[in-house]
Amino acid sequence: MRIGVFVCNCGTNIAGTVDTAKVASEALAFADVVYATNYMYTCSEPGQQEIQRAIGEYGLQGVVVAACSPRMHEPTFRRAVEKAGLNKYMFEMANIREHVSWIGNDREANTRKAVDLVRMAVGKLRFNQPLFSSKMPVNKRLLVIGGGVAGIQAALDCADGGVDVVMVERKQYIGGKMAQLDKTFPTIDCSSCILGPKMVDVSQKENITLYAASEIESISGYIGNFTVEIRKKTTYVNWDACTGCGACMEKCPAKKAEDYFNEGLGTARAINIPFPQAIPKKAVIDAQFCRQLNGKKCGVCAKICPVKAIDFEMKDTIVTEKVGAIIAATGYDLFDHSVYGEYGAGRLPDVITGIQYERILSASGPYGGHIRRPSDGKEPTEIVFISCVGSRDQSVGRPYCSGVCCMYIAKQAILTRDHLPESNSYVFYMDIRAPGKNYDEFVRRAQEEYGVQYIRGRVGKIYQRGDRMVVQGADTLLGVQVEVEADLVVLATGVESSSGAGELAEKLRISYDQYGFYMESHPKLRPVETNTAGVYLAGACQGPKDIPSSVAQGSAAASKVQSLFAHDMIETNPQVALVNERNCIACGKCIQVCPFGAIQWKELRGGIKKAEVLPSVCQGCGVCNATCPPKAVQLQHATDNQILAEVNELCA
Amino acid sequence: MTDSSPRSSAPADETAATKQGIKIVGFLCNWCSYGGADTAGVCRFKQPTDLRVVRIPCTGRMDPLFIAKSLIYGVDGVLVSGCHPRDCHYAVGNFYARRRMEAFKAFLPFMGIDTQRFKYTWVSASEGQQWQKVVTEFSEQIHRLGPNPGVRLRSGDNSKVSSGLR
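Throughout this document, residue positions are counted from 1 along each chain, in the order its sequence is written. For this description, chains carry letters from A and ligands carry numbers from 1, given in the order in which they are written. Where totals are concerned, whole chains, interfaces and linings use all residues; where local detail is concerned, this predicted model gives features only for residues with pLDDT of at least 70, and gives and counts side-chain atom pairs only at 80 or more.

A.B. asks: So what about the interface of chain B and chain A? Which residues, and what values?
C.D. replies: Residue-level contacts link 57 residues of chain B with 50 residues of chain A. For helices the rule is a DSSP run of H or I covering at least 4 residues; for strands it is a run of E covering at least 2, with both sets numbered from the N terminus onward. Among the elements of the structure, helix H1 (14-19), helix H2 (33-42), strand S2 (51-56), helix H3 (64-72) and helix H4 (93-107) of chain B are those that each provide at least two residues to the side of chain B that touches chain A. Residue composition of the side of chain B that touches chain A, by class: 25 nonpolar, 18 polar and 14 charged. We call two residues in contact if the C-beta atoms placed from their backbones are at most 7 Å apart. Following the grouping adopted for this structure description, the nonpolar residues are Ala, Val, Leu, Ile, Met, Phe, Trp, Tyr, Cys and Pro, the charged ones are Asp, Glu, Lys and Arg, and the polar ones are all others, Gly among them.

Okay, structure coming up:
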């Protein structure tokens with residue numbers, strides 16, 4: 001084989017701590033290497049042309065580029081060698097940037113390591129074989145998991161483009177956290193006025209199938225061809241019949257049910273439609289509080305229902321949907337502030353969370369939009385907001401900034417002044433983070449126009465004194481202790497990953513970080529893709545986000561799906577397992593271990609059984625290769641010989 | 001070009017030991033630990049330079065043969081790293097890997113190889129700092145053990161075997 005080696009300087013990124021000229025000259029001495037050079041920026045257009053020129057001039061049959069991580073530029077260079085007429089799998093990369101030049105300053109050791117890595121890559125390349133993709137059809141249906149604003153945006157964008165969309169939402173209504181908000185920063189738009197029409201669109205679009213009160217049971221398949229099982233949870237109401245008239249709610253005698261939508265500030269009936277604009281507007285019975293379901297004599301709702309939709313015998317059902325792409329838009333949860341003893345550990349009734357205050361402010365909330373405090377219903381005059389509750393705090397395992405709290409506090413303080421002009425608002429903050437468009441101006445308005453007092457410092461203690469609370473804190477700018485007697489304390493609880501995010505990630509086979517947020521493929525260049533082809537991310541499931549960013553990401557994910565669906569066929573990945581039938585002893589172990597059911601029996605003439613890999617199902621993990629006793633099944637492009645060649649070169 | 005003096009915070013004897021030719025091979029899964037090593041590089045987390053990385057699709061691809069051959073031929077240490085359990089790109093590959101490597105570890109003393117020369121670990125693509133810690137600790141461990149004499153394959157031949165594909 002005639003091999004060419006191209007060592008990238010990457011400006012000074014590599015050349016700064018690696019002698020690239022020496023790496024190239026040493027590479028020239030390796031067996032089969034007929035050409036080696038170093039180049040300033042190999043990934044640049046002239047850099048790629050240099051590779052293509054050398055392929056033609058020296059008759060190269062394989063190319064090694066020693067540069068950055070193959071996770072970054074392997075596709076770039078594969079395209080480049082393909083354009084010059086080589087098979088794109090006759091190419092290897094040696095990672096001498098992330099794994100060498102950036103992690104050590106010892107030029108001599110780095111150069112030696114780079115030479116080793118190039119030798120290993122050349123060694124592997126000698127065993128490379130040209131591989132060819134095949135084509136398979138794309139099922140042009142989309143699954144959106146999560147019906148918050150990001151998921152809604154993604155679903156509507158795709159549906160507008162003619163894509164069939166299946167939306168799954170685990171709550172009984174769509175709209176997510178945004179549906180619970182009263183107003184949105186920095187424009188003070190009414191949240192339900194801007195979200196409501198979009199929710200209605202979801203329910204009315206003919207090509208959107210909505211499964212509310214449903215969860216993902218299992219996902220199998222691969223890009224272009226996923227099979228999804230959806231568990232429709234028991235609602236005890238036949239939604240096909242229910243008209244959402246609300247008669248059952250009025251008559252239900254179980255009035256002490258938990259009001260999840262109002263964040264526990266009021267009570268709900270056991271049979272409930274959470275809010276007037278709910279989509280779908282269907283009732284659900286809370287089995288925990290229903291008298292009939294707890295063995296008592298009731299059944300009032302069943303008697304009153306004009307369409308006989310109540311069904312106390314209902315069970316969960318599983319439906320199966322086939323889709324070609326998946327967008328995960330599962331959103332976020334809010335930090336549980338009860339771990340903070342200094343804020344009353346959740347025991348003080350008038351220390352509430354930002355989202356609870358949002359419900360209080362809302363005209364459709366528990367108090368009809370009048371600001372009152374939960375303990376005695378009194379109108380507060382002194383209101384304290386505390387930022388960074390469960391954000392930027394290593395001691396509770398939340399070192400990151402939630403990004404939205406500074407802004408929603410400013411909004412709530414402004415709205416408080418609007419509702420109660422005689423009230424005073426105080427904000428204890430660490431830093432004000434307002435980097436969005438018109439955000440900082442908004443915070444300034446809160447301070448200057450609305451007279452909200454911003455105190456830079458942490459709160460050390462909140463305790464009850466009479467019917468008020470004393471908030472003790474520090475003003476670090478003045479260097480004094482401050483004490484505020486407050487009627488109401490609002491904690492800006494931070495954003496954390498949604499409950500169950502990890503379990504869903506396992507079903508989707510995508511990664512998540514230590515906080516449970518889903519990992520994008522590349523933080524800058526592939527922000528809505530995951531490392532699992534065909535699975536995309538939108539909204540706060542990927543990290544804390546405000547509404548504009550969530551909507552933008554929803555649209556971004558939708559555009560990725562539509563560019564995938566613009567093709568009738570997609571190329572398969574040829575780096576899959578292949579059985580050498582002459583060596584196969586038909587033990588069946590590979591069939592047992594394959595996580596994807598990609599290996600099956602094949603009968604040859606005379607009834608001889610052999611294993612056979614279905615290339616369109618194989619994902620290329622190589623578990624079968626490691627399991628096979630006679631090594632008859634080999635993962636192409638990572639065969640035993642290729643991996644051992646790298647080890648051999650290292651030992652040489 | 002002139003050599004610049006080492007400015008890293010790595011142990012002082014590191015350069016000397018590297019000159020002895022300590023070589024560690026790391027088999028890293030493409031989806032998690034290889035990404036983690038990239039993240040560590042992007043964040044410029046300084047690490048010892050003894051490790052050479054082989055990229056594999058999944059730790060489930062790890063044939064114990066790869067570890068055995070490396071150690072027999074005189075690589076001084078083998079580090080295998082993949083996705084955290086339950087976070088495998090292929091759903092279950094790292095579970096197979098964990099079982100195989102646990103079983104294989106028990107077999108190493110029969111080959112005359114110190115079990116401390118082999119380690120497997122889980123590092124995700126976001127855990128650059130964790131990767132730095134793993135590499136630094138394992139490299140220090142191998143430096144303490146010194147060069148691996150390899151396994152004497154033929155009598156009178158104690159040299160490292162340089163090529164041995166089956």
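Here the narrative resumes, following the displayed structure.
A.B. asks: Please provide a residue-by-residue account of the sheet that holds strand S10 (residues 208-211) of chain A, values included.
C.D. replies: Residues and elements named next belong to chain A. Only strands joined by at least two bridges in the DSSP assignment are considered to pair. Spatially, S10-S7-S6-S18-S29 is the arrangement adopted by the five strands of the open sheet, whose pairing is parallel. Each of the sheet's edge strands pairs with one partner strand only, and the pair in question is S10 and strand S29 (535-537). Pairs of neighbouring strands in the sheet enclose a mean axial angle of 20°, with direction left out of account. Of the strand pairs in this sheet, strand S18 (residues 325-328) and S29 are connected by three bridges, and their pairing is parallel. Among the inter-strand pairings, Ala 328 is bridged to a residue of S29, identified as Leu 537. The angle between two axes is taken between their N-to-C directions and runs from 0 to 180 degrees, where each axis is a line fitted to C-alpha atoms and a helix contributes only its stretch in contact.

A.B. asks: Explain the environment of Phe45(B) to me, using residue names and the numbers behind them.
C.D. replies: Topologically, Phe45(B) is positioned in the loop between H2 and S2. Considered as a pair, Phe45(B) and Asp114(B) are 69 residues apart in the sequence and their alpha carbons are 29 Å apart.

A.B. asks: Which residues make up the sheet that holds strand S4 (residues 91-95) of chain A, and what values go with them?
C.D. replies: All names here are of chain A. As summarised here, the arrangement of the four strands in space is S2-S1-S3-S4, forming an open sheet in which the pairing is parallel. Two strands lie at the open edges of the sheet, namely strand S2 (33-39) and S4, each paired on one side alone. Neighbour-to-neighbour, the strand axes of this sheet turn through a mean angle of 15°, independent of strand direction. Sheet topology places strand S1 (residues 3-8) next to S2; six bridges connect them, and they run parallel. Looking across to S2, one finds that Val 5 is bridged to Ala 36. Strand contacts of helix H2 (residues 45-58): S1, S2 and strand S3 (62-67), with the helix running at about 160° to S2, the strand carrying the most contacts. With respect to the sheet, helix H3 (residues 70-83) is in contact with S3 and S4, its orientation differing from that of S4 by roughly 150°.

A.B. asks: I'd love a proper account of the packing of helix H6 (residues 149-160) of chain A against helix H7 (residues 191-204) of chain A, names of residues and values included.
C.D. replies: Residues and elements named next belong to chain A. It is the contact of H6 with H7, at a shortest axis distance of 10 Å, that shows an interaxial angle of 50°. In terms of orientation, H6 and H7 fall into the oblique class. By crossing handedness, the relation of H6 to H7 is classed as left-handed. Here Val 149, Ile 152, Ala 155 and Leu 156 of H6 lie close against H7, whose contacting residues are Leu 195, Lys 198, Met 199, Asp 201 and Val 202. When its residues are assigned to classes, the contact of H6 with H7 shows seven nonpolar, no polar and two charged. An angle below 35 degrees is read as roughly parallel, one above 145 as roughly antiparallel, one from 65 to 115 as roughly perpendicular, and any other as oblique. Should the near helix be turned anticlockwise from the far one by less than a right angle, the crossing is termed left-handed; should it be turned clockwise, right-handed.

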